[in-house]
Number of protein chains: 2
Amino acid sequence: MSESWADAAERIGIDLHLTLSRPGSRQAALTHALREAVRAGRLAPGTRLPPYRSLAADLGVARNTAAGAYAELVAEGWLVARQGSGTRVAERAAPPAPTRRPAGEPPRPAGPAHDLRQGRPDAGSFPRTAWLAAARRALTAAPDEAFGPGDPQGRVELRRALAEYLARARGVRTTPDRIVICSGFAHALRLLFGGTGGAGRGPLRGPLAVEAYGLAFHRDLLAQAGVRTVPLEIDEHGARTTELDTHRGLRAALLTPAHQFPTGGSLHASRRTAAVDWARTRDALVLEDDYDGEFRYDREPVGSVQGLDPERVVYLGSVSKSLSPAIRLGWMVLPERLVGQVLETKGLREAWAGVPDQLTLAELLASGHYDRHVRRMRQRHRHRRDRLLAALAAHAPHIEVTGIAAGLHALLRLPAGTEAATLATAARLGIAVDGLGVFRHPAAAAAPVTDGLVVGYAGPSEHAYGAALAALCRALPPDHG
Amino acid sequence: MSESWADAAERIGIDLHLTLSRPGSRQAALTHALREAVRAGRLAPGTRLPPYRSLAADLGVARNTAAGAYAELVAEGWLVARQGSGTRVAERAAPPAPTRRPAGEPPRPAGPAHDLRQGRPDAGSFPRTAWLAAARRALTAAPDEAFGPGDPQGRVELRRALAEYLARARGVRTTPDRIVICSGFAHALRLLFGGTGGAGRGPLRGPLAVEAYGLAFHRDLLAQAGVRTVPLEIDEHGARTTELDTHRGLRAALLTPAHQFPTGGSLHASRRTAAVDWARTRDALVLEDDYDGEFRYDREPVGSVQGLDPERVVYLGSVSKSLSPAIRLGWMVLPERLVGQVLETKGLREAWAGVPDQLTLAELLASGHYDRHVRRMRQRHRHRRDRLLAALAAHAPHIEVTGIAAGLHALLRLPAGTEAATLATAARLGIAVDGLGVFRHPAAAAAPVTDGLVVGYAGPSEHAYGAALAALCRALPPDHG
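What you see as residue numbers is a count from 1 along each chain, following the sequence as written. For this description, chains carry letters from A and ligands carry numbers from 1, given in the order in which they are written. With pLDDT at 70 or above as the cut-off, local features in this predicted model cover only qualifying residues; side-chain atom pairs require 80 or more to be listed or tallied, and sums for whole chains, interfaces and linings still use all residues. Each side-chain value is worked out from all heavy atoms of the structure, with water and hydrogens disregarded.

Side note on the overall build of chain A
Turning to step 1, where the next piece is worked out: To qualify as a helix, a DSSP run of H or I must reach at least 4 residues; to qualify as a strand, a run of E must reach at least 2; elements of each kind are numbered from the N terminus. The helix and strand tally for chain A stands at 14 helices and 17 strands.
Turning to step 2, where the next piece is worked out: Viewed in the frame of its principal axes, chain A has a C-alpha envelope of about 90 × 55 × 50 Å.
Turning to step 3, where the next piece is worked out: Only protein chains enter the accessibility calculation, which uses a 1.4 Å probe. A residue is then buried if its area is under 20% of the maximum for its type, exposed if over 50%, and partly exposed in between. Out of the 481 residues belonging to chain A, those deemed buried represent 57%.
Turning to step 4, where the next piece is worked out: Only heavy atoms enter the contact rule, under which two residues are in contact if any of them lie within 4.5 Å. By sequence separation, contacts in chain A at least 24 residues apart represent 73% of the contacts at least 6 residues apart.
Turning to step 5, where the next piece is worked out: The accessible surface values rely on the Shrake-Rupley method and a 1.4 Å probe; as for residues, cover is taken only from the protein chains in view. As presented, chain A carries roughly 19,600 Å² of accessible surface, and 53% of it is formed by carbon and sulfur atoms.
Turning to step 6, where the next piece is worked out: When the 60 positive and 49 negative side-chain charges of chain A are each reduced to one mean point, those points stand 3 Å apart. Under this rule, positive means Lys or Arg and negative means Asp or Glu; His and the chain ends count for nothing. A charge is said to be at NZ when it belongs to Lys, at CZ for Arg, at CG for Asp and at CD for Glu.

Remarks on the pattern of salt bridges
Residue and element names in this part refer to chain A.
Turning to step 1, where the next piece is worked out: Salt bridges are defined as contacts in which a side-chain nitrogen from Lys or Arg sits within 4 Å of a carboxyl oxygen from Asp or Glu. Enumeration over the complete set of coordinates arrives at 51 salt bridges over all chains.
Turning to step 2, where the next piece is worked out: In this structure, the salt-bridge partner of Arg168 is Asp371, at a minimum N-O distance of 3.1 Å. Here Arg168, found in helix H6 (residues 156-170), pairs with Asp371, found in helix H12 (residues 369-395); they are 203 residues apart in sequence, far enough to count as distant. We note that Arg168, like Asp371, is buried.
Turning to step 3, where the next piece is worked out: Between Asp283 and Arg312 there is a salt bridge, and its shortest N-O distance comes to 3.1 Å. Linking Asp283 in the loop between helix H9 (269-282) and strand S10 (285-289) with Arg312 in the loop between S10 and strand S11 (313-318), this pair joins segments that are 29 residues apart in sequence.
Turning to step 4, where the next piece is worked out: Relative accessible area serves as the criterion here: at 15%, Arg312 is assigned to the buried category.

Details of the pairing of strand S4 (residues 179-182) of chain A
Sheet faces and side chains relate simply in a regular strand, where the side chains alternate between the two faces.
Residue and element names in this part refer to chain A.
Turning to step 1, where the next piece is worked out: Alternating residues of S4 divide into Ile179 and Ile181 and Val180 and Cys182, and every residue in both groups is buried.
Turning to step 2, where the next piece is worked out: By definition, two strands form a pair when at least two bridges between them are found by DSSP. As paired elements, S4 and strand S12 (residues 330-333) share 4 bridges and run antiparallel to each other. The residue of S12 that forms the bridge with Val180 is Met332.

Some words on the packing of aromatic side chains
Turning to step 1, where the next piece is worked out: When two rings of Phe, Tyr or Trp (its six-membered ring) have centres within 6.5 Å they constitute a pair, described as stacked for plane angles under 30 degrees, edge-to-face for angles over 60, and tilted for the intermediate range. Tallying each qualifying case throughout the model produces 10 aromatic pairs over all chains.
Turning to step 2, where the next piece is worked out: A ring pair is formed by Phe261 of chain B and Tyr291 of chain B, whose centres lie 5.7 Å apart and whose planes are at 85 degrees; its orientation type is edge-to-face. You can see Phe261 of chain B sitting in the loop between strand S9 (252-255) and helix H9 (269-282) and its partner Tyr291 of chain B sitting in the loop between strand S10 (285-289) and strand S11 (313-318), a full 30 residues away along the chain. The exposure classification of Phe261 of chain B matches that of Tyr291 of chain B, with both residues buried.
Turning to step 3, where the next piece is worked out: Sitting over a ring, as applied to charges here, requires NZ of Lys or CZ of Arg to be within 6 Å of the ring centre and within 35 degrees of the ring normal. Residue placement shows Arg384 of chain A over the ring face of Tyr465 of chain A; its charged tip is 4.4 Å from the ring centre.

Structural notes on the sheet that holds strand S4 (residues 179-182) of chain B
Residue and element names in this part refer to chain B.
Turning to step 1, where the next piece is worked out: Across the sheet, which stays open at both edges, the 7 strands sit in the order S4-S12-S11-S10-S9-S5-S6 with mixed pairing between neighbours. In this open sheet, the two strands that pair with only one neighbour each are S4 and strand S6 (229-232). Averaged over neighbouring strand pairs, the angle between their axes works out to 20 degrees when direction is ignored.
Turning to step 2, where the next piece is worked out: Two strands pair when backbone bridges link them, and S11 and strand S12 (residues 330-333) are joined in this way by 4 bridges, in the antiparallel orientation. Bridge assignment links Ser318 to a residue of S12, and that residue is Gly330. Comment: axis = line fitted to C-alpha atoms, over the contacting stretch for helices; angle = value between 0 and 180 degrees taken between N-to-C directions.

So, unusual backbone geometry
Turning to step 1, where the next piece is worked out: The omega angle of the peptide bond from Gly206 of chain B to Pro207 of chain B is -5 degrees, so this bond is cis rather than trans.
Turning to step 2, where the next piece is worked out: Tracing the backbone shows Pro207 of chain B in the loop between helix H7 (185-193) and strand S5 (208-211).
Turning to step 3, where the next piece is worked out: Not every positive phi belongs to a glycine, and Asp283 of chain A is a case in point at roughly 50 degrees.

Observations regarding the environment of Leu221 of chain A
Residue and element names in this part refer to chain A.
Turning to step 1, where the next piece is worked out: Note that Leu221 resides in helix H8 (residues 216-224).
Turning to step 2, where the next piece is worked out: Accessibility expressed as a relative area gives 5% for Leu221, which makes it buried.
Turning to step 3, where the next piece is worked out: When the C-alpha atoms of Leu221 and Thr47 are compared, they prove to be 54 Å apart, with 174 residues separating the residues in sequence.

Listed below in C-alpha cells is the structure:
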C-alpha cells in the first residue's frame with residue numbers, strides 16, 4: 001500500500017499543508033513545515049532527515065523543491081549538511097542554566113478587575129487598519145534616502161504634516177523647520193533641560209515653575225536633570241500664572257493649559273495672557289504640554305497658548321493619548337532661536353524615533369484619517385464621560401466632579417480626609433485608580449483641593465466599563481452632610 | 001450649453017477625479033479634492049464655496065455627498081460654516097515671521113559625488129515589500145494590549161524571535177527574559193553606564209577598556225557619562241585582550257570581535273578566551289558589539305564571544321547595518337544578574353522603541369524573511385568587496401587592503417605620512433571617505449597602523465559605485481617603492 005504524502009509527512013514529523021499551496025509555493029510550504037517542526041522540537045537536534053530525493057518522492061514534490069527547502073534551512077542554521085552524514089537537524093547551543101531562580105519574567109500579576117487609572121486610551125481602539133494602510137502608502141512612496149542615515153530633526157514629511165495639522169486643529173503657528181520630532185514627552189523634557197548625555201546640557205536651566213498638581217514622573221525626571229521645580233497654585237481659573245513674577249530667577253513655566261492635569265480645568269484667557277506677558281517681560285519661556293488638547297466635548301476646542309506668541313512658547317504634544325502610548329512619537333514646536341540648541345542636545349546620532357512610524361503618522365495626518373480617528377475617539381470618550389456622570393448622579397450625587405469638559409479623565413472631589421480610606425476601599429473592590437495626592441508637588445500648599453480621585457474613563461473596554469463604574473460608586477464615601 | 005462636472009470642478013478650482021471613483025467613494029474623492037485645493041492655496045482663505053446643493057448639482061453628485069464632504073472639512077478645520085454666510089475656506093493663522101534669517105533648514109549641501117564613508121548600507125536596498133508584509137501580519141495578529149502602556153523590556157514576541165535567531169545565526173546563548181530591546185547601540189551604552197537621566201546611574205562603572213581604534217562618537221558618549229576609557233592595542237590577532245589584566249580597576253571591556261571596527265580583523269580564538277578568562281577572574285564584563293556579524297564572506301560566520309560565557313558577556317546588536325539605520329531597534333543580551341538593573345536604568349517610562357517596528361521585526365525574523373534579506377545583502381556586499389579589490393589590484397596594486405573577509409568596509413593601508421594628503425586629494429575629487437586617524441583613541445600608541453583609509457563599499461548605488469572606485473584609485477598615493 002503506497003503511503004500518501006500526508007502520511008509520509010506525519011511519519012517524518014512535519015505538519016505539511018500542500019493541498020492548499022499553489023505549485024510555485026510548495027517550497028515555501030515545505031520550508032515552513034520543516035522549520036516549525038525543528039523549532040517546536042518535533043525534529044530533535046541531531047535527527048537525520050531523509051535525503052532530499054527520498055523526501056521529494058515521499059511527499060510527491062519535485063526534487064528541486066526538497067533540495068531548495070533543505071538549502072534554505074541550512075543557510076538559516078536550522079539544519080546542517082555534511083558530506084557522508086546527510087542532512088541533520090542542527091545541534092542547538094544549550095541555553096544558559098539559570099544561576100539562581102528563573103530570571104527576568106516575574107509572573108505578571110493579573111490586571112486589576114477595574115482599571116480606572118488615568119492616561120490610558122483603550123488599547124482596543126487603536127486603528128490598526130488605517131495605520132497599516134497609511135504605512136503601505138507612506139513606505140511605498142518614500143524616497144530611498146528615508147532609509148539612510150536620518151535627520152535627527154525628524155522626517156520633513158512629518159514636520160510638514162504636523163505644522164499643517166497643528167495650525168488648523170490647535171491654532172499653533174509654526175513652520176516645519178521649527179518642529180523637532182522626538183520619542184515622547186519625557187524625551188522632550190530631556191532635550192530641553194539636558195540629562196541625556198548628549199552633546200549638550202540642553203538650552204534651558206531651572207528653576208522651572210510647574211503646576212501644583214502634575215505627574216510625579218516628570219518632577220522626578222527634572223530633579224535628576226538638576227532642575228529645581230517651583231509649584232504654581234491652581235484655582236478655578238487654572239494655574240496662577242499671575243504669580244510667576246513673584247519668583248526670582250524663573251526662566252520657564254510648564255503648563256497644561258487645555259486641560260489641567262489632573263484637576264481638569266482649562267486655563268482662563270487672562271491667565272494665558274499673563275503667562276505670555278511674563279515670558280516677554282522676563283525673557284522666559286512657557287512650555288505648553290498639550291497632551292490631550294484634541295479631546296474637548298461641549299464646545300469648540302480651546303486654541304493653544306503657543307498661538308499667542310510663537311517666540312515665547314514651546315508647544316509639546318504626542319500621539320500617546322490620541323493614538324497609543326505604544327507609538328513613541330512626540331513633537332516640539334520651538335521658537336526659532338531654540339531649534340539649533342535643541343538639535344545640538346539631541347546630537348547627530350541620538351536615539352531618534354524610527355522612520356517607518358514617522359512616515360506613517362505623516363500620511364495619517366495628511367490623508368485626514370488621523371482626524372477621523374480623533375473624532376471617533378472624541379465621541380467615544382464623551383459617551384464614557386456621560387456614563388460616569390450618570391452613574392455618579394444616580395449613586396453618589398454628593399460627589400462633585402470637575403474637569404469634565406475635556407480629556408480622558410475627571411476629578412472626583414472627596415470630603416476632606418477621606419482619600420486614603422477611599423483608595424483602600426477601591427483596592428479591596430479590585431479598582432485601580434489614582435488619588436489626587438500622588439500628583440501634588442511636595443512644596444505645594446494643601447489648599448484648595450486636598451482630597452480627590454483622578455478617574456480615567458478611556459481605558460476600560462466597552463464590556464468592562466459598566467462594572468467598573470458600579471464598583472467605583474461603591475468605593476466612594478457615603479453622604480454625611 | 002450645460003456644463004460638465006469636470007468643467008464645473010475646474011471653475012470652482014478643484015482637481016476632481018470622479019470617473020475613476022467607485023460610487024461609494026465619491027465623497028472621499030470630493031473631500032480629497034477640496035482639501036488639496038485649500039492646502040495648495042487654489043481656494044484662498046475666506047473664499048466662499050457654493051452651497052452644498054449647488055455643488056452637488058454642478059458636479060453631478062448626490063446632495064449627501066456634497067454635504068458630507070463639507071462637514072468633514074469643517075470638522076477638520078479647513079472650512080468654516082456660519083449661519084447666513086455659508087461655507088468658506090477658513091482663515092489661516094499667520095505663521096510666525098522669521099526673526100532673523102530664515103530659520104532651521106540650512107540649505108542641504110548636495111551630497112558628495114562619491115560617498116565611500118563606512119557604516120552605511122545602501123538605502124535603496126531596504127526591503128520595503130517584505131517589511132510592509134511583515135507589518136501587516138504582525139499588527140493584524142497582535143493582541144490589543146500591544147497598543148497599551150508597554151513593557152520597557154520590549155515586546156516578548158521580538159525577544160523570543162531574537163533569542164532564537166541569535167542562537168542559530170550567531171551562537172548566542174540566551175533566553176527571551178535576558179534580552180532588553182533598545183533604540184540602538186548608543187542607547188544601549190547609556191543604559192549600561194547611565195547618563196540617561198533615568199531612574200538609575202546604570203549598573204556599570206568605568207574605567208572601560210576599548211579597542212585602540214573605534215567610533216569617536218562612542219568615546220565621547222562615554223566621556224559625557226563620566227566613563228574613562230583605556231585603549232587596548234590591536235595587532236594581527238585583534239585586540240590585545242591578553243593585556244586586560246595589566247590595567248588596575250578595569251571592570252569592563254568593549255570589543256568588536258567579529259570584525260574589528262574599523263581595522264577589520266576577526267578576534268583570534270586565543271584572544272576571545274583571554275577576554276572571557278579575564279572577566280571571570282576579575283568579576284568583570286566583556287561588552288561585545290556585534291554590529292555586522294552576519295556579513296562574513298569567505299567562510300562560516302564566526303560565532304559570538306557571548307556563547308563562551310553568557311554570564312560574563314553583554315552581547316549588543318542592532319538592525320542598523322543589516323536593515324537600515326532608519327529603523328531604530330537594537331538589543332542587549334545580558335547576564336541574568338544585570339537584567340533588573342538595566343531595566344531600572346531604563347525606567348518604567350523611558351523613550352523605548354515603538355511597538356509597530358518591534359512587532360514587524362519579530363515577524364520578519366520568525367518568518368525567515370530577515371534571513372533571506374541578509375543572505376541577499378551578503379552576496380551584494382561580497383560583490384562590492386570583490387570589485388574594490390579588483391579595482392585596487394588593477395590601479396593601485398601597492399596599496400594593502402585588510403579587513404576584507406567580512407563587513408561593509410575595508411581598511412586601505414597608506415604609506416606613512418600620506419593620510420592627510422590623500423584625504424585632501426579625495427575631497428578635491430568629490431569623495432567622502434574617512435581616514436583612519438579619526439578613529440584612533442587619543443591615548444593609544446601610534447603603532448602599528450598609522451595611516452589608512454576606511455572605505456565603506458555598501459553605501460553607493462549600483463550605478464554610482466564604479467565611478468566611486470575609479471575616483472578612489474585616482475586619490476591614492478602613487479607607488480614610490
